[in-house]
Every structure is written in C-alpha cells, then in structure tokens.
Amino acid sequence: DAGVIQSPRHEVTEMGQEVTLRCKPISGHNSLFWYRQTMMRGLELLIYFNNNVPIDDSGMPEDRFSAKMPNASFSTLKIQPSEPRDSAVYFCASSFFIDAAFFGQGTRLTVV
Amino acid sequence: KNEVEQSPQNLTAQEGEFITINCSYSVGISALHWLQQHPGGGIVSLFMLSSGKKKHGRLIATINIQEKHSSLHITASHPRDSAVYICAVNGGATNKLIFGTGTLLAVQP
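Thresholds, definitions, all that
- Residues numbered from 1 in each chain as written.
- Chains lettered and ligands numbered in written order.
- Predicted model: local features only at pLDDT ≥ 70, side-chain atom pairs only at ≥ 80, totals over all residues.
- Heavy atoms only, no water.
- Core = buried A, V, L, I, M, F, W, Y, C linked by side-chain atoms within 4.5 Å.
- Buried < 20%, exposed > 50% of the residue type's maximum accessible area, 1.4 Å probe, protein only.
- Helix = DSSP H or I, 4+ residues; strand = E, 2+ residues; numbered from the N terminus.
- Contact = heavy atoms within 4.5 Å.
- Buried area = accessible area lost by both parts, 1.4 Å probe.
- Salt bridge = Lys/Arg side-chain N within 4 Å of Asp/Glu carboxyl O.
- Polar contact = N/O pair within 3.5 Å; in protein donor to acceptor, adjacent residues only side chain to side chain.
- Phe/Tyr/Trp six-rings, centres within 6.5 Å; stacked < 30°, edge-to-face > 60°.
- Pairing = 2+ DSSP bridges.

A few words now on the nonpolar core. Among the nonpolar cores identified, the biggest contains 24 residues, and L32(B), W34(B), F47(B), L72(B) and Y85(B) are the most heavily contacted of them. For this core, the elements supplying multiple residues, two or more each, are β3 (19-25), β4 (29-37), β5 (43-49), β7 (59-64), β8 (69-74), β9 (83-91) and β11 (103-108) of chain B. Apart from the residues lying within four places of it in its own chain, the contact partners of L32(B) are C23(B), Y25(B), F47(B), M48(B), L49(B), I63(B), S70(B), C87(B), A88(B) and V89(B). In terms of nonpolar packing, the next biggest core, distinct from the first, is built from 21 residues, V19(A), A88(A), Y90(A) and V111(A) among them.

A few words now on the interface of chain B and chain A. Each partner contributes to the interface: chain B provides 17 residues, whereas chain A provides 15 residues. Carbon and sulfur atoms make up 64% of the area that chain B and chain A hide from each other, which totals about 1400 Å². The interface formed by chain B and chain A holds zero salt bridges in total. Counting the contacts that link chain B with chain A gives one residue pair in polar contact (both at pLDDT 80 or more).

Now for the environment of S82(A). All names here are of chain A. Its place among the elements puts S82 in the loop between β8 (74-79) and β9 (88-95). Along the primary structure S82 and M15 are separated by 67 residues, whereas in three dimensions their C-alpha atoms are 5.4 Å apart. Excluding residues that lie within four positions of it along the chain, S82 makes contacts with T13, E14, M15, G16, Q17, V19, R64 and V111. In terms of polar contacts, S82 uses its side chain to reach the backbone carbonyl oxygen of E14, at 3.4 Å.

Moving on: the packing of aromatic side chains. As enumerated under the stated definition, the model contains five aromatic pairs over all chains in all. Relative to F103(A), the ring of F91(A) has its centre 6.3 Å away and its plane inclined at 80°; by these criteria the two rings are edge-to-face. Taken together, the positions of F91(A) in strand β9 and F103(A) in strand β10 (residues 102-103) put the pair twelve residues apart, joining distant regions of the chain. Cluster of aromatic residues (ring-pair linked, three or more members): F33(A), Y35(A), Y48(A), F91(A), F103(A) and F99(B).

Turning our attention to the pairing of strand β1 (residues 4-7) of chain B. Residue and element names in this part refer to chain B. On β1, burial follows the alternation: V4 and Q6 on one face are buried, whereas E5 and S7 on the facing-out side are not. Note that β1 and β3 share four bridges and pair antiparallel. Each residue of the ladder has a partner; that of S7, found in β3, is N22.

So, in structure tokens, the structure goes:
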C-alpha cells in the first residue's frame, strides 16, 4: 500500500481564494482525520470521520472550513475564502478504528 | 492545563545515551500513541498501546494506566533519532486524538 496520499504537497494562494486539499486514506481503514499544524498551536484535530460519516468536527475553526468524505477512499478539506491565518501544514491520517494512525506527508498551505 | 503533558520540551543528548521522554494525561483514554516528526515534517506512528509495554528495535514504550503516564525510551541513541516526539491519546466521548506539545530531541555525534 502506498500509505496515506495527500495532494497537493504545497499550495500558495491569495487571500480570498478557495483552497481544496485532498486525501486518499489507506485501503481498509475506516477512520479518517484532518489535522492542522502551526508553530503557535502545534497539532490540532479539525475533523474526524468514521465510516465516511463526520463524528467530531468541533475542531473546525469556523464556517469557512468544510470537509467531505464522499466514499471510503477520498476526502477533501475546503477553505473558502482563505485567509493568511490559515497558513499551516494540513495533515490527513487514517486508521482502522483506534489502531495506529498513519499520516500523510501533509500539505503546506501559504495564504498571501 | 493541557490534557496531555510531555516532558521535557527540549532534550539534547550525546550519541549512545539512553533517552526517556515522558507523557502524562488527565483524561480517560482508550489508547495512547507515540508519534515521530522529522525535520522534513513527515509524521510517523511509532507505537499505539493501551497497556503494558511495546518494543520496536531501540525504541520502547510503556504505559501505566493507573498513574495516567507513559514513557518512550530510546536505547543507544543516534543522530538520526533527532526529531520531535509527540504523545497523543484517544480520549473524550468520541475517542478523538488529543496531542501533547511534543519533545524536540537532538542527538549529537
């Protein structure tokens, strides 16, 4: 298995633009997590899906952020409109229930 | 107070030394994870444990559920062990991952 695959690896966008981050979890995993990492706040859980259903989205900072998981092999995290304070590294991870979580390489987002 | 506390925050060691990183948590958990993040940013899951002890090569992780404490040990440390080590627990009503702030380890040759 190729592991958790995220795209793009790097994204630079202008303030106000829509940004879509993509994640392909490991086949057979039933839990998917989106995290954000910044120097100031460290790693934060944004949203957690189980069997494609959002279970806990209390970490989503505001309505500008939305996440979907239309099927077991794909998820998106969308920011619309983007702001400079959204600049961070966004990680996707998947696991089988609460077994060890496997992380993607992350997407480094810069909003200018 | 953070629900997951790690110590030390920063650690410098000489190659070959035995290293211990500690993690304490204040919530009920179903599992505890140790993660490693290299300078390039990638995150690797080292251990997931809910009781006892696990060993992978030079890495050992232990957990004491009663004391709500876990330790990560590195034997015969090497410069390539230099990374940030993060403790995380599955806690709360939804078992979401709650992260510690990480321990920055630098192993000098």
